[in-house]
Amino acid sequence: MRAPGLSLSPHQVEVRPSQPARWPEASRALAAEVVGAGRVLTLDEFLVTTSTTALVVVVDDVLVHERYFDGTAVDDGRLGNSATKSVLALLTGLAVGRRRIPSIDVPVCDFVPELVGSGYQHVTVRQVLTMTSGVAWEEDYRDPRGAASTLLARWRTGAGGSRELLRGIRAGAPPGTRYAYCSPDSMVLDWVRERATGQTFADALAELWQRTGAEQPATIGLDASLEDGGVAVAAGALVASARDWARIGTLQLDGCWRDDQVLDRAWVDASSRPEKPFLVPGRLPSTITTHAGFGYHWWPLNAEGSRVMADGMRGQFVYVDRSRRTVIVKTSAWPYDDPWWDRQCRDLCYLALPAIADAAAEAA
């Protein structure tokens, strides 16, 4: 399996499927219209405009539409970037359901005392889940000297020490009083989850891969080699096939895979909804999006949490329409350096994926 056109970490760990099972298929032609960017686009125009590399549509556990672009193929791995964070939410839900994390309102330092004295000293698990930690952090990967680029480089170069960087982050706003997109919150959350369960990210993912019958291996980027104490970059380094990303979305419907209740339904419901008024769709900073809010590392498109998104840099999306039992995976490779083009493509996707779900329902 390859991850086409992507620069990955020099250090990775692989999670192999134990009982691969292909999706049931019933192909449907889709004719969606996307209204955005000052015009009406056909589905094909939207896919080209947003540099699509894969599109997979699953309705009620049946794969109904699948397309690949730019020389990529069904078995290729797709780097999810920050869509990885939504997988982390599922793994955290497993830990909470098993009482390994008895409450998400406990301080993260109860599990990771190394964070005492850092900006995370008075932050709870709930607050890192909702990115309301308040720590002094700016998520700007366009600044090559910024803290975010420094953290990313620990993965991309394999230099290690990402958790040491977390200990150096300072406090900012009082915890729970504001939202700010913050990948270190995700890294802290995984550190907590790992301490609570004794499982690495890869170990925990292996259970999901087994229980959902994943078709292809997944790979997880580490910040250093395992021999040198490397840890998973749980904020953005999961590579999986588009079909297997759709399995992640299916778990966010109701926590079930076929007749196996993998996650508590209550966790899925809670993670899909914004908990505070400033987390409701349309209330996040406009530089992030006006189309979504924030739940537990998922992006709700409405206040009731019936439509949610996993969202990664350069157009990696898992859209979940929970009421229609529809999951759409779109992977992309649009340029990131131009912030205006990046924002326009992202906004188009937030408009288009629900329209594609509508088209899939109408084609049934």
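The structure we're discussing is the one just above.
Predicted, not measured: the structure shown is a model, and the values here were computed from it.

Student: Residues and numbers for the overall build of the chain, please.
Tutor: Across its full length, the chain holds 10 helices and 14 strands. Its C-alpha atoms give the chain a radius of gyration of 19 Å, near enough to 21 Å, the size a compact globule of 364 residues would have. For the chain, the residues scored as buried account for 59% of the 364 residues in total. Across the chain, every contact between residues at least 6 apart in sequence was considered, and the portion connecting residues at least 24 apart equals 68%. A total accessible area of about 14,100 Å² is found for the chain, and carbon and sulfur atoms account for 49% of it.

Student: Account for helix α6 (residues 183–197), with residues named and values stated.
Tutor: Across its 15 residues, α6 extends 21 Å between first and last C-alpha, which sits within 8% of the 21 Å expected from 1.5 Å per residue. Counting buried positions over the 15 residues of α6 gives 12, a clear majority of the element. Among all positions of α6, only Ser183, Pro184, Asp185, Ser186, Met187, Val188, Leu189, Asp190, Trp191, Val192, Arg193 and Ala196 are buried. Close packing links the buried residues of α6 with α2 (84–97), α3 (125–129), α4 (147–156), α5 (162–167) and α7 (201–211). Gly198, located one to two residues past α6, shows a positive phi value of around 75°.

Student: I'd love a proper account of the sheet that holds strand β13 (residues 316–321), names of residues and values included.
Tutor: Strand order in this open sheet of six strands is β5-β4-β14-β13-β12-β11, and the pairing throughout is antiparallel. Whereas interior strands pair on both sides, the edge strands pair on one side only; in this sheet they are β5 (62–68) and β11 (299–300). Bridge count between β13 and strand β14 (residues 326–332): five bridges; the pairing is antiparallel. In the strand pairing of β14, Tyr319 is matched with Ile328. Against the sheet, helix α8 (residues 242–254) makes contact with β4 (52–59), β5, β12 (307–312), β13 and β14, and its axis sits at roughly 140° relative to β14, the strand it touches most.

Student: Report on the pairing of strand β8 (residues 238–241), specifying residues and quantitative values.
Tutor: Going residue by residue along β8, you find Leu238 and Ala240 tucked away on one face and Val239 and Ser241 tucked away on the opposite face as well. Bridging between strand β6 (residues 77–79) and β8 involves three bridges; their strand directions are antiparallel. Counted as the bridge partner of Gly77 is Ser241 from β8. Both strand β7 (residues 218–221) and β8 contribute to a ladder of two bridges, which runs antiparallel.

Student: Outline the environment of Ala153, supporting the account with residue identities and numerical values.
Tutor: Topologically, Ala153 is positioned in helix α4. A sequence separation of 70 residues divides Ala153 from Asp223, and the C-alpha atoms of the two residues are 8.6 Å apart.

Student: Before we move on, could you go through the side chain of Asp76 and cite the residues and values that matter?
Tutor: Mapped onto the secondary structure, Asp76 falls in the loop between β5 and β6. In this structure Asp76 comes out as buried when scored by relative accessible area, which is 5%. In terms of polar contacts, Asp76 uses its side chain to reach the backbone amide nitrogen of Ala73, at 2.7 Å.

Each value, and the rule that gives it
- Residues numbered from 1 in each chain as written.
- Predicted model: local features only at pLDDT ≥ 70, side-chain atom pairs only at ≥ 80, totals over all residues.
- Heavy atoms only, no water.
- Helix = DSSP H or I, 4+ residues; strand = E, 2+ residues; numbered from the N terminus.
- Rg over C-alpha atoms; globule rule 2.2 N^0.38 Å.
- Buried < 20%, exposed > 50% of the residue type's maximum accessible area, 1.4 Å probe, protein only.
- Contact = heavy atoms within 4.5 Å.
- Areas by Shrake-Rupley, 256 points an atom, 1.4 Å probe, with all protein chains shown as cover.
- Expected span 1.5 Å × (residues − 1).
- Pairing = 2+ DSSP bridges.
- Axes fitted to C-alpha atoms, helices over the stretch in contact; angles between N-to-C directions.
- Polar contact = N/O pair within 3.5 Å; in protein donor to acceptor, adjacent residues only side chain to side chain.

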